[in-house]
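# Commentary on secondary and tertiary structure
For reference, the chains in residue letters:
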Amino acid sequence: MKKSLIAFLCFIAGILLVVSCSADDSPKVNFHLTYLATEGVSVPDHMERGETYTISVYYKKPDDCHYFNGMYSTVNQSVYTMAVEAMVLDNVNCQPSAATAPDVASFNFTVPLSVYNNCTFKFYTGTDAQGNDTFLVKEVPVWQ
């Protein structure tokens, strides 16, 4: 009886070992990041140091494989370079976007106390014929 129980348990363990799931069985999602062209922006007419303002960026996704992933930004003194970052799924059938109105990404911007004149925002709009990045530039006066 004891030997048959051990044989039965070994048989069950063998079956479980053969049909068990592996971590490698899950499908892999491949993607890359890209920047989407800004179509328009909404910035305040003026700002005050230390105050927070909502800035809206309008963009279009070319197809249903592009997903908003946040706003990319860099700053050099009082020049803020911004771009809409998208995650793009690879190796899938993508359908062109049916949306006619642009999507909008909004973020809060707090004017640093170190800015005294203007804040310059450069929003990525794509590339020109020579492959150079192009920008929509908005200069916003900062009141004291």
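Residues numbered from 1 in each chain as written. Predicted model: local features only at pLDDT ≥ 70, side-chain atom pairs only at ≥ 80, totals over all residues. Heavy atoms only, no water.

## Regarding the pattern of salt bridges
Scanning the entire structure with this criterion turns up one salt bridge. One salt bridge in this structure joins Asp-103 and Lys-61, with 3.9 Å as the shortest N-O distance. Of the two residues, Asp-103 is situated in strand β7 (residues 103-110) and Lys-61 in the loop between β4 (52-59) and β5 (66-76); the sequence distance between them amounts to 42 residues. (Salt bridge = Lys/Arg side-chain N within 4 Å of Asp/Glu carboxyl O. Helix = DSSP H or I, 4+ residues; strand = E, 2+ residues; numbered from the N terminus.)

## Brief notes about the nonpolar core
Within the largest apolar cluster, 21 residues are counted, with the highest numbers of intra-cluster contacts made by Met-47, Tyr-80, Phe-109, Val-111, Cys-119, Phe-121 and Phe-123. Here Tyr-80 is in contact with Thr-74, Val-75, Phe-109, Pro-112, Val-115, Cys-119, Thr-120, Phe-121 and Lys-122, once residues within four sequence places are set aside. (Core = buried A, V, L, I, M, F, W, Y, C linked by side-chain atoms within 4.5 Å. Buried < 20%, exposed > 50% of the residue type's maximum accessible area, 1.4 Å probe, protein only. Contact = heavy atoms within 4.5 Å.)

## Describing the state of the cysteines
Linking two cysteines covalently via their sulfur atoms produces the bond known as a disulfide. Overall, the coordinates contain one disulfide when judged by the stated rule. Each sulfur of the disulfide joining Cys-65 and Cys-94 lies 1.9 Å from the other. Around the S-S axis, the bridge from Cys-65 to Cys-94 shows a dihedral of about -105 degrees and counts as left-handed. With Cys-65 in the loop between β4 and β5 and Cys-94 in the loop between β6 (79-89) and β7, this pair connects stretches of sequence that are 29 residues apart. A residue is classified by how much of its surface remains accessible, and Cys-65, at 3% relative accessible area, is buried. Judged by relative accessible area, Cys-94 falls into the partly exposed class, the value being 29%. (Disulfide = S-S within 2.5 Å.)

## Digging into the environment of Val-75
Relative to the helices and strands, Val-75 resides in strand β5. Placed 46 residues apart in sequence, Val-75 and Phe-121 show a C-alpha to C-alpha distance of 9.3 Å.

## Some points on the sheet that holds strand β2 (residues 38-42)
One open sheet holds the three strands; their spatial order is β2-β4-β7, and the pairing between them is antiparallel. The strands lining the two open edges of the sheet, one partner per strand, are β2 and β7. With strand direction ignored, the average angle separating the axes of adjacent strands in the sheet is 25 degrees. As defined by bridge partners, β2 adjoins β4 across four bridges and the pair is classed as antiparallel. What sits directly across from Gly-40, in β4, is Tyr-58. (Pairing = 2+ DSSP bridges. Axes fitted to C-alpha atoms, helices over the stretch in contact; angles between N-to-C directions.)

## Focus: the packing of aromatic side chains
A full pass over the atoms with the stated rule returns eight aromatic pairs. When the ring of Tyr-35 is compared with that of Tyr-124, the centres are 6.2 Å apart and the planes differ by 65 degrees; the resulting orientation is edge-to-face. One end of the pair, Tyr-35, is in strand β1 (residues 31-36); the other, Tyr-124, is in strand β8 (residues 118-127), with 89 residues separating them in the sequence. Take Tyr-124: its relative accessible area is 14%, and that puts it in the buried class. Both rings, one in Tyr-59 and one in Phe-68, keep their centres 6.0 Å apart while their planes meet at 25 degrees; by these two values the pair is stacked. We classify Tyr-59 as buried; its relative accessible area is 4%. Residue Phe-68 is classed as partly exposed on the basis of its relative accessible area, which comes to 41%. Joined through ring pairs, the aromatic side chains of Tyr-35, Tyr-72, Tyr-124 and Phe-135 make up one cluster. (Phe/Tyr/Trp six-rings, centres within 6.5 Å; stacked < 30°, edge-to-face > 60°.)

## Comments concerning the confidence of the model for the protein chain
Of the residues in the protein chain, 81% have a pLDDT of 70 or more, and the chain-wide mean is 87. In this model residues 7-12 is a low-confidence stretch, pLDDT under 50, and it forms zero contacts with partners more than four residues away in sequence or in other chains. (pLDDT = per-residue confidence, 0-100.)

## Some details on unusual backbone geometry
Peptide bonds are, in most cases, trans, and in most cases residues other than glycine have a negative phi. For Gln-77, which is not glycine, the phi torsion reads 60 degrees and is therefore positive. With relative accessibility at 74%, the residue Gln-77 sits in the exposed group. Unusually for a residue other than glycine, Asn-91 sits at a positive phi of about 60 degrees. Structurally, the position occupied by Asn-91 is in the loop between β6 and β7. The class of Asn-91 is exposed, set by a relative accessible area of 75%.

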